[in-house]
Amino acid sequence: MNMKRIISIFVWIVTSGTASAISSEQETQLSGDALTRQLLARVNIIEARDRSQQHQIDALKLELANQKQEMTRMRRQIIEKDLQVSKLTQICSQKVTNKPDYHQNSVSNSSKLSRIHQENRIRRAGDGVHVAFTAGLSHSILHAGEHQNIVFDHVETNVGNAYNPHHGVFLAPVTGTYLFYTSVMAESNREIWCQIVVNGVKKVTAYARGTDARFDQGSQAVIVHLQKGDDVAVQNYLADDGIFSNPDIWTSFSGLLLYQG
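Residues numbered from 1 in each chain as written. Predicted model: local features only at pLDDT ≥ 70, side-chain atom pairs only at ≥ 80, totals over all residues. Heavy atoms only, no water.

(A) Representation of the nonpolar core. Counting residues in hydrophobic clusters, the biggest one holds 32 residues, and the most contacted among them are Phe170, Tyr178, Phe180 and Leu226. Among the secondary structure elements, those contributing two or more residues to this core are strand E1 (132–136), strand E2 (141–144), strand E6 (176–186), strand E7 (191–198), strand E8 (201–209), strand E9 (216–226), strand E10 (231–236) and strand E12 (252–260). Apart from the residues lying within four places of it in its own chain, the contact partners of leucine 226 are Phe170, Ala172, Val174, Thr175, Gly176, Tyr178, Phe180, Val198 and Val232. (Core = buried A, V, L, I, M, F, W, Y, C linked by side-chain atoms within 4.5 Å. Buried < 20%, exposed > 50% of the residue type's maximum accessible area, 1.4 Å probe, protein only. Helix = DSSP H or I, 4+ residues; strand = E, 2+ residues; numbered from the N terminus. Contact = heavy atoms within 4.5 Å.)

(B) Seen up close, the sheet that holds E7. As summarised here, the arrangement of the 5 strands in space is E4-E5-E10-E7-E8, forming an open sheet in which the pairing is antiparallel. Pairing within the sheet leaves two strands with one partner each, and these edge strands are strand E4 (163–164) and E8. Sheet topology note: the E4/strand E5 (residues 169–171) ladder contains 2 bridges and is antiparallel. The residue bridging tyrosine 163 from the neighbouring strand is phenylalanine 170, located in E5. (Pairing = 2+ DSSP bridges.)

(C) Structural detail: the packing of aromatic side chains. Per the stated rule, a full pass over the model turns up 12 aromatic pairs. Taken together, the ring pairs in this structure connect Phe133, Phe152, Tyr163, Phe170, Tyr178, Phe180 and Phe253 into an aromatic cluster. (Phe/Tyr/Trp six-rings, centres within 6.5 Å; stacked < 30°, edge-to-face > 60°.)

(D) Here's a closer look at the side chain of glutamate 187. Its place among the elements puts glutamate 187 in the loop between E6 and E7. Buried charge without a salt bridge: glutamate 187, with arginine 190 as the nearest opposite-charge side chain at an N-O distance of 6.1 Å. A distance of 3.2 Å separates a polar atom in the side chain of glutamate 187 from a polar atom in the side chain of serine 140. (Lys, Arg positive; Asp, Glu negative; His and termini not counted. Salt bridge = Lys/Arg side-chain N within 4 Å of Asp/Glu carboxyl O. Polar contact = N/O pair within 3.5 Å; in protein donor to acceptor, adjacent residues only side chain to side chain.)

(E) View of the pairing of E10. E10 sits mainly inside the fold: 6 of its 6 residues count as buried. Going residue by residue along E10, you find Asp231, Ala233 and Gln235 tucked away on one face and Val232, Val234 and Asn236 tucked away on the opposite face as well. Sheet analysis places E7 next to E10, joined by 5 bridges and oriented antiparallel. Paired with isoleucine 196 across the two strands is valine 234, which belongs to E10.

(F) Spotlight on unusual backbone geometry. Phi at histidine 147 is positive, roughly 55°, even though this residue is not glycine. You can see histidine 147 is positioned in the loop between E2 and strand E3 (154–159).

(G) Fine view of the environment of valine 224. Checked against the element boundaries, valine 224 lands in strand E9. Judged by its relative accessible area of 11%, valine 224 is buried. When the C-alpha atoms of valine 224 and lysine 203 are compared, they prove to be 8.8 Å apart, with 21 residues separating the residues in sequence. In this view, valine 224 contacts Gly176, Thr177, Tyr178, Phe180, Val198 and Lys203; residues no more than four positions away in its chain are not counted.

(H) Just a nonpolar patch on the surface, in detail. Together, Ile223, Leu256, Leu258 and Tyr259 make up a nonpolar patch on the protein surface, roughly 390 Å² of accessible area in all. Of the residues forming the nonpolar patch, the biggest block, 3 residues, is contributed by E12. With respect to the secondary-structure elements, tyrosine 259 resides in strand E12. (Patch = residues over 30% accessible without salt bridge, like charges linked within 9 Å, V, L, I, M, F, W, Y side chains within 5 Å. Areas by Shrake-Rupley, 256 points an atom, 1.4 Å probe, with all protein chains shown as cover.)

(I) Examining the pattern of salt bridges more closely. Tallied over the full model, the rule gives 1 salt bridge. Residue glutamate 191 pairs with arginine 209 through a salt bridge whose shortest N-O separation is 3.6 Å. A residue pair is termed long-range when its members are at least 10 positions apart, and glutamate 191 in strand E7 and arginine 209 in strand E8 qualify at 18 residues. Glutamate 191 gets classed as partly exposed once you look at its relative accessible area, which sits at 30%. Owing to a relative accessible area of 45%, arginine 209 belongs among the partly exposed residues under this scheme.

Pasting the structure below:
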């Protein structure tokens, strides 16, 4: 084989190898471009889905806020109805108790004076509205919910019937300045944060922490000016707190009207 033939074969081999390398590089570049386009398309799909989900979340948050407002409004209506029923029951009871005795023919002068004196004393006391209550928790709450009203079910005193033991809410019967006090006991090896709230707004916080297999008690008091119809309650602050009590009443809620107006 002559030299010219050998050179021709060598040139062909080099040229073929170079063409193959260029072709492979082009194929790799084309394959990478296609993968990039697929990834970008997937990213766009995911972003569009996230935006849609965010819109749904925002809509659900708005609906939840509206439902909370509606529940608050309905709760106030229920409390007001319960208060009206309690007042009507009290009025009916007083009418039956104070029913005059028409069969009595005569009353001595001393009895008349005593009755007039008593009526004057009652009239003076009735010039203002008297409101005071104390209610206790008769059982433990091992897993209290976040911002859950503590329903103090054992009523010791409820002058004016403004405290509702079914909802754990005090509804101000008149505008005035009130004093409220709460004492809460934490379960053994548990913590609690409880707040006195007015219309759902925190005023003060009581804290207790039971350590070393012991219980702990915290208390708080507040003086606030309320408008007629304002509601006051004691709420648990964090989810899953443990509140201890039993029929001996270790956890309680009290309030009274200091003065009206």
